[in-house]
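Structural features, examined
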Amino acid sequence: MPKLSVIIPIYNEEGNIPALVERLKGVVDSMNLSYEFIFINDGSKDNSLRLIKDYSEQYPFIKYINFSRNFGHQIAVSAGLDHCYGDAIVIIDADLQDPPELIIEMYEKYKRGFEVVYAQRSKRAGETMFKTLTAKYFYRIISRITSINIPVDTGDFRIIDRKVVDVLKQMPEQQKFLRGQIAWAGFNQTYITYDREERKAGETGYTIRKMLKLALDGITSFSDFPLKFATFSGFVVSGVAFVMILYALYSRYIIKDYVPGWTSLMLAVLFLGGIQLISIGIIGEYISRMSANVRQRPLYIIGETNIRKEESEQ
Ligand code: UDP
Ligand code: MG
């Protein structure tokens, strides 16, 4: 029987886990597969771990990895990918915003020879205007400034082939931006569309800070555009400065009217200062990520798990 792994990152999802297990189990039971659910508890502060462990005693196909602290959603999914056994692997959120029933449709396409089937959101329900707008523009900006085809309005909800997981495992970077890495990997990719539902219980674990980190990780991992922008603005500002130098010399020696120069001086200083700081900041974003990778720390620390090593390496 073909094997399916379902990877579910968990951060404070006690209110969603029972319904999720129920619905997921219903779906995969109808698919004639052998399957496993891997829950990665990413430092939840609620009862999520207890719940998952109870389920894992009740159902042998439920596995868990408990992180020593919160490492973030992308890293939680990466840990699941490192430990899964499936030929096909599903990545899904725990809050039921990604309807498990869609897995059937995605798996159909997978069986027709697509190594990646992602789910594109045509609508998003129950999310703040801020989230919808920032997400919309983020996806459009990143797809413009990268040379790979990162699909717009698409999160990590998808089904991928073992081949893709093997590629991902060879990518050692600390800044995980899986939807970009999967696009980068290539293969045959296709998609289905769906209306994203509301989160069923609890609240989002993606704070603005975490969203910003994800966005910057994605951009710096797949694009040099910001660096080029810094260089470009350096040239533009230098050009403007050159014109102003000519003007200053002209007013000093030709029209000899050079005292009231405070405004232009101030503007030039502020403008230059701003461009310089922005450019240093951009360079800093890249350097800080380089130094994180040079340190070569493990990506995550597992506190405990019920997955035996051989199991995920077969
Ligand atoms: N999540 C996680 N670690 C985090 C934040 C979130 O593992 O630090 C999980 C969360 O439990 C959920 C998924 O990642 O399964 C997506 O998170 P969330 O629903 O909070 O994000 P949103 O849908 O609001 O973007
Ligand atoms: Mg969500």
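Structure report, in brief. (Residues numbered from 1 in each chain as written. Chains lettered and ligands numbered in written order. Predicted model: local features only at pLDDT ≥ 70, side-chain atom pairs only at ≥ 80, totals over all residues. Heavy atoms only, no water.)

Moving on to the site of ligand 1. Not every one of the 19 residues close to ligand 1 is listed here, only the nearest: E13, D42, D95, Q97 and G205. The contact in question runs from an oxygen atom of ligand 1 to an N or O atom on the side chain of D95, over 2.6 Å. A distance of 2.5 Å is found between an oxygen atom of ligand 1 and a backbone nitrogen or oxygen belonging to G205. Relative to its free-state accessible area of 530 Å², ligand 1 is covered by the protein chains to the extent of 96%. Grouping the amino acids of the shell around ligand 1 by side-chain chemistry returns five nonpolar, six polar and eight charged. (Near = heavy atom within 4 Å. Polar contact = N/O pair within 3.5 Å; in protein donor to acceptor, adjacent residues only side chain to side chain. Areas by Shrake-Rupley, 256 points an atom, 1.4 Å probe, with all protein chains shown as cover. Nonpolar A, V, L, I, M, F, W, Y, C, P; charged D, E, K, R; others polar.)

A few words on the sheet that holds strand β5 (residues 116-124). In spatial order, the strands read β7-β5-β6-β4-β1-β2-β3-β8; together these eight strands make up an open sheet with mixed pairing. A single partner strand is all that each edge strand has here, and the edge strands are β7 (189-196) and β8 (302-305). On average, each strand axis in the sheet is inclined to that of its neighbour by 20°, with strand direction left out of account. In this fold helix α3 (residues 73-83) packs onto β1 (3-10), β2 (34-41), β3 (62-67), β4 (88-91), β6 (154-161) and β8, with an angle of close to 155° to the strand it touches most, β1. (Pairing = 2+ DSSP bridges. Helix = DSSP H or I, 4+ residues; strand = E, 2+ residues; numbered from the N terminus. Axes fitted to C-alpha atoms, helices over the stretch in contact; angles between N-to-C directions. Contact = heavy atoms within 4.5 Å.)

Now for the environment of M31. Within the secondary structure, M31 sits in the loop between α1 (17-29) and β2. Taking C-alpha positions, M31 is 9.9 Å from L4, a pair spaced 27 residues apart along the chain. Discounting chain neighbours no more than four positions away, the residues touching M31 are I103, I104 and Y107.

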